[in-house]
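# What the coordinates show
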Amino acid sequence: MTSDLSRRTCVLHIGVHKTGTTAIQEFFQENREALLKDHQIYFSKKWHNYTGPLRSVFQPSPEKYHFNVKKGVNTAPLAEQQNKSFLRDLHSDVSASEPGHLLISAEGLSTFDLGQVQALKAILDKSFAHYSIIAYLRHPVSWLPSSVQQNLKNGKTLEQILRRPNNIKYRRKILPWISVFGRGAVVLRDYEFAKQTPLGSVSDFCDLLGVDAKRMHAPAMTSNESLTQTAALLLSQLNRLRPYYVDGRISSDRVLNDYETLMKIEGEKFALPADVLKEVENECSQDLTWLEENCGFSFMNPGENERTKQDIPDATLESIALALSDLCNERTVYLIRALKAEALNLWQSDPAGAIEKLKEIFEIDPSDQKIGLAIQCVREGKSPVLLL
């Protein structure tokens, strides 16, 4: 099956999460010029992953959305202002795609309910009459371990997650898109099948668009974002002992994306207890039947995902987790101090260089509002010393 691009089309890649979306986005970002020149398909230069902007725009409390919270946008006025900017970006990309096609990739779109899908289509309908909705699906038993890891990275503990394991609920994810765009516009692909091709889901996606992936430049693959079994247990303990979010913002006891340090720990891949997987398999049976009966879609065998026995004492995990967290915090403090010193040395001789140093600080700690004021001072030719 391929997408019909015989007329101007908006292609919406809606995920789902944990199905190679990052690889697809990086591939098209790397080849966006060739994609436009050879196939008249425009891919956003600014938002290779449109999840953050679109989820922010179409949800009722964007100031609570973790994408915004991590950037320090945690009040309604700030979120409203930012959403206006996101909508301008969307309209700009729609205009830039004329008279050809627009490709938007955003795995977060698969979380949209019926009203949100309708609202997005109402905006796009001003420029498009033809759509292709592409979704990669992964068997729930294979998908769940990846989902659990993502929740750990977002600050939850294993106890919280497994108390009520997340069922991907494909009917809830796919039905709104079929209801709004029609069954003929929605293309469903099996991730386990797609990843067996030379470039995984990238090759499969290119085939859908009529693009020869072998003639494109293949960017360096993103390093494995998975946690090992030991790393997942450490992160869970850390999230329990030092919560990642406090009062709607990243805790002062943690640093942004500190889980990346734990991702360097090698070992057995993360897996879940057999009883958890069995429970999910039972819960999703009706969902899988719905996919087969209404969409003609069925999965390959999901493979083995059962956890082996874990014999590291909790007390040991707790002590290691806190020690690693302390090291991350100390490293970040020293890094910020060094960047501030460099900015102070540069603000007169090289204002642009000083601003870049200050922006690096803001990326590390987006909650530090003084950094924005310091950047403004440098732009105005004033010393930022009192703010740093």
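Within each chain, residue numbers correspond to sequence positions counted from 1 in written order. Since the coordinates come from a predicted model, pLDDT governs what is reported: local features require at least 70, and pairs of side-chain atoms require 80 or more to be given and counted, while whole-chain, interface and lining totals use all residues. The side-chain numbers reported here are obtained from all heavy atoms of the structure, hydrogens and water having been left aside.

## Some remarks on the pairing of strand β4 (residues 131–137)
Exposure categories follow from relative accessible area, calculated using a 1.4 Å probe and restricted to protein chains: below 20% of the type maximum is buried, above 50% is exposed, and the middle band is partly exposed. The helix count covers DSSP runs of H or I at least four residues long, the strand count covers runs of E at least two residues long, and both are numbered beginning at the N terminus. Of all seven residues making up β4, seven are buried, and the element is well covered by its neighbours. In β4, alternate side chains face the same way, and those of Y131, I133, A135 and L137 on one face and S132, I134 and Y136 on the other are all buried. Two strands are counted as paired when DSSP detects at least two bridges linking them. Bridge analysis of strand β1 (residues 10–13) against β4 gives four bridges, and the strand direction is parallel. Within β4, the residue paired with V11 across the bridge is S132. Where β4 lies against strand β5 (residues 186–190), five bridges are found, and the strand directions are parallel. Within β5, the position partnered with L137 by the bridge is D190.

## Overview of the packing of aromatic side chains
Aromatic contacts are taken between Phe, Tyr and Trp rings whose centres are within 6.5 Å, Trp giving its six-membered ring; a plane angle under 30 degrees counts as stacked, one over 60 as edge-to-face, and the others as tilted. Under the defined criterion, the tally for this structure stands at 15 aromatic pairs. Members of the aromatic cluster, joined through ring pairs, are F27, F28, F43, Y136 and F205.

## Some details on the environment of M216
Within the element layout of this structure, M216 appears in the loop between α11 (201–209) and α12 (229–241). Separated by 186 residues in sequence, M216 and E30 place their C-alpha atoms 8.9 Å apart. Contacts are assigned to residue pairs that have any heavy atoms within 4.5 Å of one another. In contact with M216, not counting residues within four places along its chain, are F27, N31, A34, L35, H39 and V211.

## Regarding the packing of helix α17 (residues 351–364) against helix α18 (residues 369–379)
The N-to-C vectors of α17 and α18 enclose an angle of 175 degrees; their axes lie 10 Å apart at closest approach. One finds that α17 runs roughly antiparallel with respect to α18. Taking contact as the criterion, the partners of P351, A354, I355, L358, K359, I361 and F362 in α17 are, on α18, I371, A374, I375, V378 and R379. Fitted lines through C-alpha atoms give the axes, limited to the stretch in contact for helices. The angle between two N-to-C directions lies from 0 to 180 degrees. We call two directions roughly parallel when the angle between them is under 35 degrees, roughly antiparallel when it is over 145, roughly perpendicular when it lies between 65 and 115, and oblique otherwise.

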